[in-house]
Amino acid sequence: MDIYSCISCGANLFGTNYVKLPCPACGELIYRCKRCRKLANSYRCENCGFTGP
Ligand SMILES: [Zn+2]
Ligand SMILES: [Zn+2]
């Protein structure tokens, strides 16, 4: 079972408490918990360094 971490807050992600989205710049998948998504915390793509809301 794969376990991902929220890219914004580092929380473990499991079940349905997260969303994944492709990086707008490079397409790398980014995982975020729904809390961070709701709060619009910023994230940083580890692949290309892109930052976004
Ligand atoms: Zn988070
Ligand atoms: Zn990227």
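You'll find the structure just up there.
The rules behind each value
- Residues numbered from 1 in each chain as written.
- Chains lettered and ligands numbered in written order.
- Predicted model: local features only at pLDDT ≥ 70, side-chain atom pairs only at ≥ 80, totals over all residues.
- Heavy atoms only, no water.
- 1 Å grid on protein atoms, 1.4 Å probe; cavity = no way out; pocket = protein on both sides within 12 Å on 5 of 7 lines; lining within 4 Å.
- Points joined across faces, edges and corners; volume = space filled by probe spheres on them.
- Helix = DSSP H or I, 4+ residues; strand = E, 2+ residues; numbered from the N terminus.
- Nonpolar A, V, L, I, M, F, W, Y, C, P; charged D, E, K, R; others polar.
- Donors = N, O, S within 2.8 Å, 3.2 Å for Na, K, Ca; no water.
- Tetrahedral: all angles 85-135°; square planar, octahedral: opposite > 155°, others 65-115°.
- Buried < 20%, exposed > 50% of the residue type's maximum accessible area, 1.4 Å probe, protein only.
- Contact = heavy atoms within 4.5 Å.
- Phe/Tyr/Trp six-rings, centres within 6.5 Å; stacked < 30°, edge-to-face > 60°.

## Brief notes about the layout of surface pockets
Now for step 1: Of the voids in this model, the largest pocket is the one considered here, and its volume is about 160 Å³.
Now for step 2: As for the largest pocket, its lining consists of Ser5, Cys6, Ile7, Glu28, Leu29, Ile30, Tyr31, Cys45, Glu46 and Asn47.
Now for step 3: No other element matches strand β4 (residues 29-33), which puts 3 residues into the lining of the largest pocket.
Now for step 4: Each residue belonging to the lining of the largest pocket can be placed in one class, and the counts come to 6 nonpolar, 2 polar and 2 charged.

## Here we look at the coordination of the zinc ion (ligand 2)
In a perfect tetrahedron of four donors around a metal, the angles come out at 109.5 degrees. In a perfect octahedron of six, they are 90 or 180 degrees.
Now for step 1: Listed as protein donors to the zinc ion (ligand 2) are Cys23 (SG), Cys26 (SG), Cys45 (SG) and Cys48 (SG); their distances from the metal cover 2.3 Å.
Now for step 2: Taken together, the 4 donor atoms coordinating the zinc ion (ligand 2) and their angles of 107 to 114 degrees define a geometry best described as tetrahedral.
Now for step 3: As a motif over one chain, the donors of the zinc ion (ligand 2) read C-x2-C-x18-C-x2-C. Of this pair, Cys26 sits in the loop between β3 (18-22) and β4 while Cys45 sits in the loop between β5 (43-44) and β6 (51-52), and the two are 19 residues apart along the sequence.
Now for step 4: The class for Cys26 is partly exposed, based on a relative accessible area of 34%.

## Some details on the environment of Lys20
Now for step 1: Tracing the backbone through its elements, the reader meets Lys20 in strand β3.
Now for step 2: Note: C-alpha distance between Lys20 and Arg32 (12 residues apart in sequence) is 6.3 Å.
Now for step 3: Aside from chain neighbours lying at most four places away, what touches Lys20 is Leu29, Ile30 and Tyr31.

## Digging into the packing of aromatic side chains
Now for step 1: As enumerated under the stated definition, the model contains 3 aromatic pairs in all.
Now for step 2: Relative to Tyr31, the ring of Tyr4 lies with its centre 3.9 Å away and its plane at 5 degrees, an arrangement referred to as stacked. Separated by 27 residues along the polypeptide, Tyr4 in strand β1 (residues 4-5) and Tyr31 in strand β4 bring together distant segments of the chain.
Now for step 3: Note on Tyr4: relative accessible area 27%, which makes it partly exposed.
Now for step 4: Their ring planes at 50 degrees and their centres at 6.0 Å tell us that Tyr18 and Tyr31 sit as a pair that is tilted. A residue pair is termed long-range when its members are at least 10 positions apart, and Tyr18 in strand β3 and Tyr31 in strand β4 qualify at 13 residues.
Now for step 5: Its relative accessible area of 13% is what places Tyr31 among the buried residues.

Just distances and angles here, no functional claims.
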